[in-house]
Structures are given as structure tokens and as C-alpha cells.
Amino acid sequence: MIEVLSIASEVYPLVKTGGLADVAGALPKALAPLGVAMRTLLPGYPVVMSKLSDRTAVASFADLFGGAARLLAARVEGLDLLVIDAPHLYDRPGGPYAGPDGADWPDNWQRFAALSFVAYEIGRGLLPDYRPQILHAHDWQAGLVPAYVAFNAPTRVKTIQTVHNLAFQGRFGWEVFPELRLDYRAADEGAIEFYGGISFLKAGLQCADALTTVSPTYAQEIRTEAYGMGLQGLLQSRADVLHGITNGIDVHEWNPGDDAALPDHYSATTTMLRAGNKQAVAHEFGLDGTDGPLFAVVSRLTWQKGMDMLAHCIDDLVSRGGRLAVLGSGEIALENGFKAAAIRHPGKVGIVTKYDERLSHLVQGGADVMVIPSRFEPCGLTQLYGLRYGCVPLVSRVGGLADTVIDANEAAVEAGVATGIVFAPATQEALGEAIRRTFALYGREKVWRKMQRRGMKSDVSWEASAEKYADLYSNLIGQKRDDDQDD
């Protein structure tokens, strides 16, 4: 059995702001049959602490970046957890990264340095009965894990840094470096310095034994100036240890055959039963009951996600007989733009500006088209949910969207392999043309039904991706996996 400690700032179903939580929550379960035992270390936010009904203190810290702390062991929803109970860092209102006013906590550098430091201490033997062989760090919040291992007291543990979104790099002023408890060699050797400040993510990318990101195309894109966010040189220099492994989804959690959020359940052979769900979506968003295609968005409303481009296409979409349901929040200007469109087109455009897990399932089960016009997209899970639910993805040809959706060009339609509508480049004009192409395809009922069925039969599970992670772990430590030993 390979022992892996996953270090993440959010884990579904305990705390979630985005796809990172879904991945961190699903991967341990997917790896269990493959000879990998994965525990997860995460901060003790109030929402997390409230769900630890049965917990045991396994270690303590007299001073963890400014206050006393405990390390708690618990099992929740099938996940083996280690939770940092540090009230001075995590017991506060708001979300994992920001306060109720939406502003980032000014001490985020301390809050997540603490997360990384505790992982490092576990890796070097903090717990007498648990010694992981690999520390798997997710995103910038765990980016200092590989740096602590590389520069502080030596330990044999191996490290992996996974990038879920290179745009978020954990950048802070250089003045915090002396407080990080990181050996000064990290500064001398340039492992953490980034344009005069520090970057937690850069430290992880430079120091980890292996790097992964969440799709093969994104692994290529981030080595270029267009997508590298200033780190392309470093990533290109480490291309030999960079792996693109496409995310999967929990196909039990996301199953249109028994999803409690859906009024009507269905399968790939009974997609006509989605009609009742479509009516329920229309009701939730205040839309009328016309017969045209129902487009949907389940997303952060940001420039990265291309939401400004979609906002400019709404009038044309409605004029062609379409409706639009938007579930998400983000940049105020974009929220206001969609709200204005809802006022301009009553019964045709509706927006709900909050996170709602139940409603996101309902939208996938009832909408006809899931619009994801991202300018860059490391992997994306929304299109995978769409494929699983017969909600046809309309996506830009970037990152994981390019890897997971097959465009409905005439050859693909004729061959019966199309699963969505893919456009490039990521511009308003190209999106507008893709929307017009979607209307034409929707009007060809047999083609549309076939495309839905083909998408629903796609393998969007973690099975193949978990195998790749298990192989990576095995190769990293030079240990044959338990499930391979009888082969």
C-alpha cells in the first residue's frame, strides 16, 4: 500500500468554492482500489469543524504561526482527514480565503504557510503511527510543502505539486519571508522569489519532485507565454516531470438516474424524460415555457470564464428563440450585466447569484446547453457534468475543454462521435457563431438526441485518471503497487 497525504485548502463535501474541492474529495476514493491509501490535510474552518462529530487530537503545536493549535484525526463521508484546529488562523466568518466583505484575509500567507508547515512536519514523522511516503500539494495554498521538504531538515518523503489554476499563485510581499520558517537557502537559490516578492506556487513548482496539472492540453499551454502567467520559463525547464492528468468526476454523486435534485430521472436511452427537469429549471429562474433551447451557465462570473463575451451575445441568443439561466457570482460588473439582461428580456433570461449545489445539479439535468466560453480553462468540471447529464457543452477550444468535448462538425456528426460544440478562438465573434451553430443542431432533433446519448456514454469517471496518479506515485517512490503484484 502506498501512503499519500493530500494537502488541500478545500475538500468536498466539507468545504467548497470550486473544482479543487471536488477533486480533493473524489481522488482518495478513486485511488483506494488501486493500492493507494490517501489521507487529506485541511484547515479547520468553522464549517469543517462543525462536521467533525467524532475526532481525536493526535498532535499539538504551542505556536503555529501565532497561536496554539491541535491536529485532529477524523473520518467524514468516507474520507480520512487530518484537520488543523487553529482558531487564530481559521475560526472566522466568511469563506476559506476572504472575509464577509469579499476581501482576502491579510494573513493568508500565515494561514496557508501553516497548512504547508504541518504537512511537512507530518512528512518527517510528527505522528508516530503515520509516515506518508508522498506529500501531494494542491495549488498555491499548499505550495510551500515542497519547499519545506527541499530546504528545511531533510526527510525522505517525496512531493508532488498539482496546479489547478495557474492564475492563482499565492503572491505576497518579500517582507513576510522571515516569518515563513523556511530555510534561507530558499531565498539564496531563488526558489520562492517572484518579481521582487514571493510566490507560494512558484516554490512548489520549483521544488516538487513531480508536477501535475489537470489536463494534457493545459500542461502544454502553461509552458507558453500566452498561458504561463510569468511561470512559463520555469515550467518549460521542468517539462520532463510535468504531467497532464485530466480530472474526473464522482459518477455516483453525479448520476441523472437517481439524483435527488432532479424531479425526473433518466438515462442515455430516455433523454426525453429531461423535459420535466427543463420545466423545473425554467421555474427556478423565472423563465417562460417556450420550446426553444435553454442555455445555461454554472460558473464564476469572471473574465477568465469568458462571461463578458457571453453577456454581449445575449440579445442575439434571445432573438433566435433561446433562453438563458445563469447560476453564479463573481465580478460585480458582470453580475450587473446579466441582471440588466434579465430585466431587458423578462421570461427569457434569469440569474441566481449564489452558490447552490442542488440547483447546479438541477440545471445540468434540465438545460439543453451548458455554455463555457473560457479564455483559459485548466480542466473544467462543468462540461464533464454536462456530458454526464446530457446537457450539451458549448465550449472554447482551450485546456481541458479541448481534451474532453468532441466538436459537432459534420464529419463528427456523421461518424456519431460528436459530444458538443467547440469554438476557437475565444472571442465574442467566435462564440456568437457557435451559438448560431447550436441553434441549427438543436433543430435537427435526431442529431441532437444522438449527441446527448454519446456524451452521456463518455467516460468522465476518475477510473482512468486515478490509474495515472497511482502509476505516478509508484514510479516516484520506486514501489510496486499492491494491485499490480499479482499481474
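Going by the structure above, here's the rest.
Here goes a summary of the coordinates provided.

What counts as what
- Residues numbered from 1 in each chain as written.
- Predicted model: local features only at pLDDT ≥ 70, side-chain atom pairs only at ≥ 80, totals over all residues.
- Heavy atoms only, no water.
- Axes fitted to C-alpha atoms, helices over the stretch in contact; angles between N-to-C directions.
- Helix = DSSP H or I, 4+ residues; strand = E, 2+ residues; numbered from the N terminus.
- Parallel < 35°, antiparallel > 145°, perpendicular 65-115°, else oblique.
- Contact = heavy atoms within 4.5 Å.
- Nonpolar A, V, L, I, M, F, W, Y, C, P; charged D, E, K, R; others polar.
- Phe/Tyr/Trp six-rings, centres within 6.5 Å; stacked < 30°, edge-to-face > 60°.
- Buried < 20%, exposed > 50% of the residue type's maximum accessible area, 1.4 Å probe, protein only.
- Lys NZ or Arg CZ within 6 Å of the ring centre and 35° of its normal.
- Patch = residues over 30% accessible without salt bridge, like charges linked within 9 Å, V, L, I, M, F, W, Y side chains within 5 Å.
- Areas by Shrake-Rupley, 256 points an atom, 1.4 Å probe, with all protein chains shown as cover.
- Salt bridge = Lys/Arg side-chain N within 4 Å of Asp/Glu carboxyl O.
- Lys, Arg positive; Asp, Glu negative; His and termini not counted.
- Charge placed at Lys NZ, Arg CZ, Asp CG, Glu CD.
- 1 Å grid on protein atoms, 1.4 Å probe; cavity = no way out; pocket = protein on both sides within 12 Å on 5 of 7 lines; lining within 4 Å.
- Points joined across faces, edges and corners; volume = space filled by probe spheres on them.
- Expected span 1.5 Å × (residues − 1).
- Arc of directions from axis to C-beta.

Details of the packing of helix α17 (residues 428–442) against helix α18 (residues 445–456)
Here is step 1 of the chain: In contact at an axis separation of 7 Å, α17 and α18 are set at 105 degrees when each is read in the N-to-C sense. As summarised for this structure, α17 and α18 are arranged roughly perpendicular, according to the angle between their axes. Listed contacts from α18 to Thr-438, Leu-441 and Tyr-442 of α17 are Glu-445, Val-447, Trp-448 and Met-451.
Here is step 2 of the chain: Partitioned by chemical class, the residues of the contact of α17 with α18 number five nonpolar, one polar and one charged.

Concerning the packing of aromatic side chains
Here the distance between the centres and the angle between the planes together describe a pair of aromatic rings.
Here is step 1 of the chain: Taken as a whole and assessed by the stated rule, the structure comprises 19 aromatic pairs.
Here is step 2 of the chain: When the centroid spacing of 5.9 Å and the interplanar angle of 80 degrees are considered together, the rings of Tyr-45 and Tyr-90 count as edge-to-face. On the criterion of sequence distance, the pair formed by Tyr-45 in the loop between β2 (36–43) and α2 (46–49) and Tyr-90 in helix α3 (residues 87–90) is long-range, its members being 45 residues apart.
Here is step 3 of the chain: Measuring from ring centre to ring centre gives 6.0 Å for Phe-65 and Phe-117, while their planes differ by 80 degrees; the resulting arrangement is edge-to-face. Of the two residues, Phe-65 is situated in the loop between β3 (55–61) and β4 (69–76) and Phe-117 in helix α4 (residues 108–123); the sequence distance between them amounts to 52 residues.
Here is step 4 of the chain: Note on Phe-117: relative accessible area 11%, which makes it buried.
Here is step 5 of the chain: Cluster of aromatic residues (ring-pair linked, three or more members): Tyr-97, Phe-112, Trp-140, Phe-172 and Phe-200.
Here is step 6 of the chain: Between Arg-39 and the ring centre of Tyr-130, over which it is positioned, the NZ or CZ distance is 4.7 Å.
Here is step 7 of the chain: The side chain of Arg-181 reaches across the aromatic face of Phe-65, ending 4.4 Å from its centre.

Description of a positive patch on the surface
Here is step 1 of the chain: Among the surface-exposed residues, Lys-450, Arg-453, Arg-454 and Lys-457 lie close enough to one another that they form a single positively charged patch.
Here is step 2 of the chain: Looking at the element boundaries, Arg-454 is found in helix α18.

So, empty space enclosed by the protein
Here is step 1 of the chain: Evaluation of the coordinates by the stated rule reveals one cavity of 30 Å³ or more.
Here is step 2 of the chain: By volume, the largest cavity is sized at about 40 Å³.
Here is step 3 of the chain: Lining the largest cavity, in full, are Gly-386, Leu-387, Gly-390, Cys-391, Val-392, Pro-393, Thr-419, Met-451, Gln-452, Gly-455 and Met-456.
Here is step 4 of the chain: At four residues, the largest contribution of residues to the lining of the largest cavity is made by α18.
Here is step 5 of the chain: Partitioned by chemical class, the residues of the lining of the largest cavity number six nonpolar, five polar and no charged.

Here we look at the pattern of salt bridges
Here is step 1 of the chain: Considering all chains together, one arrives at 21 salt bridges under this definition.
Here is step 2 of the chain: Its salt-bridge partner being Arg-181, residue Asp-63 comes within 3.6 Å of it at the nearest N-O pair. One end of the pair, Asp-63, is in the loop between β3 and β4; the other, Arg-181, is in the loop between β8 (171–172) and α6 (185–188), and 118 residues separate them in sequence.
Here is step 3 of the chain: On the accessibility criterion, Asp-63 (44% relative accessible area) is partly exposed.
Here is step 4 of the chain: Across the pair Arg-344 and Asp-315 runs a salt bridge, and its minimum N-O distance is 2.9 Å. With Arg-344 in helix α12 (residues 332–344) and Asp-315 in helix α11 (residues 307–319), the pair connects residues that are 29 residues apart, well separated along the chain.
Here is step 5 of the chain: When its relative accessible area of 38% is taken as the criterion, Asp-315 is described as partly exposed.
Here is step 6 of the chain: One salt-bridge network, in which partners are shared between bridges, spans Asp-316, Arg-320, Glu-433 and Arg-436.

Here's the deal with unusual backbone geometry
Here is step 1 of the chain: Residues Tyr-12 and Pro-13 are joined by a peptide bond in cis, for which omega reads 15 degrees.
Here is step 2 of the chain: Position of Pro-13 among the secondary structure elements: in the loop between β1 (2–7) and α1 (19–31).
Here is step 3 of the chain: Cis rather than trans, the peptide bond between Ala-424 and Pro-425 has omega equal to -5 degrees.
Here is step 4 of the chain: Among the secondary structure elements, Pro-425 is positioned in the loop between β18 (421–423) and α17.
Here is step 5 of the chain: Positive phi, close to 50 degrees, is recorded for Glu-77, a residue that is not glycine.

Notes on α12
Here is step 1 of the chain: Helix length check: α12 (13 residues) gives 18 Å between terminal C-alpha atoms against 18 Å at 1.5 Å per residue, within 8%.
Here is step 2 of the chain: Of all the residues in α12, the buried ones are Leu-334, Glu-335, Phe-338, Ala-341 and Ala-342. The arc enclosing the buried residues of α12, seen along the axis, measures out at 125 degrees, which places them on a common side. For α12, the exposed residues lying more than 90 degrees away from the buried face are Ile-332, Ala-333 and Ile-343.
Here is step 3 of the chain: Against the buried residues of α12 lie α11, β14 (323–327) and β15 (349–352).

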